[in-house]
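So you can see what is in the structure, the chains are spelled out below.
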Amino acid sequence: MAELTYDSTLRELRTDRGVLRYHEAGEGTPLLMLHGSGPGVTGWRNFRGNLPVFAEWFRCLVLEFPGFGVSDPTDEHPMAAAPEAVGRFLDGLGLDQVDVIGNSMGGIVAAQVAIARPDRIRRLVTIGGLGRNLFVPGPSEGIRLLAEFTEDPTRDNLVRWLYSMVHDPTLITEELVEERWAQATDPATLASARRMYGRGALAARAAAAADTAPYWAMLHKIRARTLLTWGRDDRVSPLDMAIVPMRTIPGAELHVFPDCGHWAMIEQKDAWESVVLAFLTRKDEA
């Protein structure tokens, strides 16, 4: 396979609510890859290292959510806009059913789609993020640092947040900091982040949760085969969050990676790819 670069894989889908940008590579069963949230995040940055491996088996589609500086912006809360964007994306490409890998926020969005439209997702893989904390007080260290950066977007605050994402601090290179910094401080992207993680937004979300059934209370409605993957040392979504989805999603499997923070697909790349490929290519039971 030819080298997969940012430019060679970048595509655009025009919809009635703006342009959705994505990266495409490979052939076969469609595999939708949904990124997480946080300063400077994109789908390409989450999954660029994994794309060559999965493109040998699947038609990989790495969607860029509105509100993160790559697809056209949204005036909505980015989390609220994301499930609808997934629907528009699948409809626009004429895809009735896909497999999905979702990192953190992307896993939550995928679960929401799987609950609302169980016919659209065949198999679901999540990376941290899904569920709720049971033993560790919230918000977690990573979420608190994310809120601090959102309120006071300094380089030092960005670096502190990045270190909370990993078990191995050597992964936080100057190159990584620079590319995250450039996008995270873009005015439109920063305004969108404040709708998610500003102190006011977090307080509003906590208040709304008192009167609204949370998504994790509906996880029992998921019919897709589900694999939960988690870093044992995740300081953004601590491992105890996995208990609710593991117990309530029918037939869900859980794989925990040692010496690993929030980015299992990066920090335990080879092991994570092996586990996920085995799950996605397993023959369906009769």
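Above this text sits the structure in question.
Computed from a prediction, not measured in an experiment: that's the story for all the values here. (Residues numbered from 1 in each chain as written. Predicted model: local features only at pLDDT ≥ 70, side-chain atom pairs only at ≥ 80, totals over all residues. Heavy atoms only, no water.)

1. Topic: the pairing of strand E2 (residues 18-25)
- For E2, the buried fraction is high: 7 of the 8 residues fall into the buried class.
- Pairing geometry for strand E1 (residues 10-15) and E2, over 6 bridges, is antiparallel. If you follow Leu10 over to E2, its bridge partner there is His23.
- Connecting the antiparallel pair E1 and E2 is a turn made up of 2 residues.
- Note: E2 against strand E4 (residues 59-63), 4 bridges, orientation antiparallel. Paired with Ala25 across the bridge in E4 is Cys60. (Buried < 20%, exposed > 50% of the residue type's maximum accessible area, 1.4 Å probe, protein only. Helix = DSSP H or I, 4+ residues; strand = E, 2+ residues; numbered from the N terminus. Pairing = 2+ DSSP bridges.)

2. Focus on the environment of Val275
- Looking at the element boundaries, Val275 is found in helix H13 (residues 269-281).
- With a relative accessible area of 21%, Val275 lands in the partly exposed category.
- Between the C-alpha atom of Val275 and that of Tyr215, which follows or precedes it by 60 residues, the distance is 26 Å.
- Residue contacts for Val275: discarding those within four places in its chain leaves Leu227, His255 and Phe257. (Contact = heavy atoms within 4.5 Å.)

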